[in-house]
Amino acid sequence: MRIELKTHPAADGFRMPAEWDPHTGCFLAWPENTYFWRQGAKPAQDVVATIADAIATTGEQVTVTVSARQYLHARLRLTAAVRVVEVSTANAWARDIAPSFVVDGAGGLRGVDWRFNGYGNRSPYWHADDAYAAKLLDLERVDRYSGPVAFEGGMLDVDGLGTGLVAEECLLDPARYRNPDRDTINAAVRDFLGVDKLIWLPFGLVDDGTAGHMDNMARFVAPGQVLLAWTDDERDSQFERSAAALARLTSATDATGNPLTVHKIPIPGPLHMTEEEGAGTDLGSAVNRAGERLAGSYVNFYLANGAVLVPQLDPATDAEAVAVLGALFPSRAVVPLQTRDLLLGGGNIHCATREIPEPGGTR
């Protein structure tokens, strides 16, 4: 076990960088839980393999963690550029259960091991996932801080300059926290991730099983620039949520006191699980049932070194989503990936990944 530091990152000069900063590596977890995924999780495994192989071409050292039972299958399915390591998980959302990596300006890299309680006990068999972050930090030989609260990586998006985005719906969730307290969350994110100012949006995406993860709703795409999931259809239950977020964002300033510019990206669909998809899990779909709305969002992209990986979910909006992200990241290659089978388990590309930032850098 790596050294457990008794201070906190901000006091030691560490902060969480923006995702557009350079990465040295990326973690993904192999989907295996047939409570979440249909057909023995094979279609979801194909999507994760495609994501891992795509990121590996960018120069990031990609590691896919997998159980002993699935190790050989994963090793044969993935290219030689991807490292495969035996670490068991219940779910495949590395974003939420892997450590939050923090850096300083002197080449240092450390990790925050947050508590994980299965999204407020919404996810089964989550105790294995609670141990995941410490195992990865030991694997990478990175010293660790113990986060003081339950926290999931998808809850927060940062600009790397002291500003973060979160949703009240998620971070004040009584299922996750016995006594939800805004000040406690503010202090934990400030002290352990170096985020001086949180912008609290009211809600996340409609029908999101995580009850409001920010990486489905709104993300920083540059300092002072936010991408927001949007629909013009006032009859859609997402409209009120997006409009409320827009109102908060346009009236907010970042940690440096500057106003924000908001860019809209369409939501796909609405998308719904089919009868065939719902019948493909062991329990007839414990996450989403046939006919229920899926939490599809193009905001769930991943910024790899020199590339942006974009979910493809709806022929009516896929091309527009690629165009929007291509315009926002003109120096990156846009890599569209078909990811519906990952979405059936409740998440997408960003949820499945956790980057390791390049040590060093300055604010």
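Preceding block: the structure.
What counts, and at which threshold
- Residues numbered from 1 in each chain as written.
- Predicted model: local features only at pLDDT ≥ 70, side-chain atom pairs only at ≥ 80, totals over all residues.
- Heavy atoms only, no water.
- Pairing = 2+ DSSP bridges.
- Helix = DSSP H or I, 4+ residues; strand = E, 2+ residues; numbered from the N terminus.
- Contact = heavy atoms within 4.5 Å.
- Axes fitted to C-alpha atoms, helices over the stretch in contact; angles between N-to-C directions.
- Polar contact = N/O pair within 3.5 Å; in protein donor to acceptor, adjacent residues only side chain to side chain.
- Salt bridge = Lys/Arg side-chain N within 4 Å of Asp/Glu carboxyl O.
- Buried < 20%, exposed > 50% of the residue type's maximum accessible area, 1.4 Å probe, protein only.
- Expected span 1.5 Å × (residues − 1).
- Phe/Tyr/Trp six-rings, centres within 6.5 Å; stacked < 30°, edge-to-face > 60°.
- Lys NZ or Arg CZ within 6 Å of the ring centre and 35° of its normal.
- Lys, Arg positive; Asp, Glu negative; His and termini not counted.
- Core = buried A, V, L, I, M, F, W, Y, C linked by side-chain atoms within 4.5 Å.

## Examining the sheet that holds strand β5 (residues 100–103)
Strand order in the open sheet formed by four strands is β1-β7-β6-β5, with mixed pairing between adjacent strands. Strands with a single pairing partner mark the edges of an open sheet, and in this sheet they are β1 (4–5) and β5. Two strands pair when backbone bridges link them, and β5 and strand β6 (residues 109–115) are joined in this way by four bridges, in the antiparallel orientation. Directly across from V103, in β6, lies its bridge partner L109. The strands touched by helix α6 (residues 132–140) are β5, β6 and β7 (144–150); relative to β6, the strand with the most contacts, the crossing angle is about 165 degrees. Most of the contacts of helix α8 (residues 182–193) go to β7, to which it runs at about 170 degrees, and overall it touches β5, β6 and β7.

## With respect to the side chain of R38
Looking at where R38 falls in the secondary structure, it is placed in the loop between β2 (23–29) and α1 (42–56). Among the polar contacts listed, one links the side chain of R38 to the side chain of D341, at a separation of 2.8 Å. Leaving out residues up to four positions away in the same chain, R38 has contacts with P43, E276, E277, G280, T281, D341 and L344.

## Regarding the pattern of salt bridges
Applying the stated rule across the entire model yields 23 salt bridges. We note a salt bridge from R248 to E168, for which the minimum N-O separation is 3.1 Å. Here the residue R248 occupies a position in helix α9 (residues 237–251), and E168 occupies one in helix α7 (residues 168–171), the gap between them amounting to 80 residues. Overall, the relative accessible area of 31% leaves R248 in the partly exposed class. Of the charged contacts in the structure, one is a salt bridge between E355 and R354, with a shortest N-O distance of 3.8 Å. Taken as a pair, E355 and R354 share a single burial class, namely buried. Through salt bridges that share partners, E19, R95, D157, R219, R354 and E355 make up one connected network.

## A look at α1
Between the first and last C-alpha of α1 there are 21 Å, a value that for 15 residues agrees with the 21 Å anticipated at 1.5 Å per step. Counting buried positions over the 15 residues of α1 gives twelve, a clear majority of the element. Of all the positions in α1, only P43, A44, Q45, V47, V48, A49, I51, A52, D53, A54, I55 and A56 are classed as buried.

## A look at the packing of aromatic side chains
Tallying each qualifying case throughout the model produces eight aromatic pairs. Connected via pairs of aromatic rings, a cluster forms that spans Y35, F36, W37 and W93. Directly above the aromatic system of W230 lies the positively charged group of K264, at a separation of 3.9 Å from the ring centroid.

## Some thoughts on the side chain of D129
Within the secondary structure layout, D129 lies in helix α5 (residues 127–130). Buried within the structure, D129 lacks any salt-bridge partner; K135 is the closest side chain of opposite charge, at an N-O distance of 8.7 Å. A polar atom in the side chain of D129 sits 3.1 Å from the side chain of N91. With residues up to four places along the chain from it excluded, the contact list for D129 reads T89, A90, N91, I97 and F116.

## Overview of the nonpolar core
With 60 residues, the main nonpolar core has F151, L156 and L193 as its most contacted residues. Setting aside chain neighbours within four positions, we find L156 in contact with M16, F151, G164, L165, V166, V189, L193, L198 and M214. Counting residues in each nonpolar core, the second largest holds 48 residues, with W37, I51, A304 and A307 among its members.

## Observations regarding unusual backbone geometry
Across residues other than glycine, the phi torsion is negative in most instances, and most of the peptide bonds are trans. In this structure, P270 follows G269 across a cis peptide bond, with omega equal to 10 degrees. For P270, the location among the structural elements is in the loop between β13 (261–266) and α10 (275–278). Its identity is not glycine, yet R141 carries a phi of approximately 55 degrees, on the positive side. One can find R141 in the loop between α6 and β7. Unlike most non-glycine residues, D207 shows phi in positive territory, near 60 degrees. The topology assignment puts D207 in the loop between β10 (197–201) and β11 (218–222).

## Some details on the environment of L313
Structurally, L313 is set in the loop between β15 (307–312) and α11 (318–328). Spatially, the C-alpha atoms of L313 and T339 are 6.7 Å apart, while their sequence positions differ by 26 residues. L313 has contacts with P268, L271, G296, S297, Y298, D318, T339, R340, L343 and N348, leaving out every residue within four places of it along the chain.

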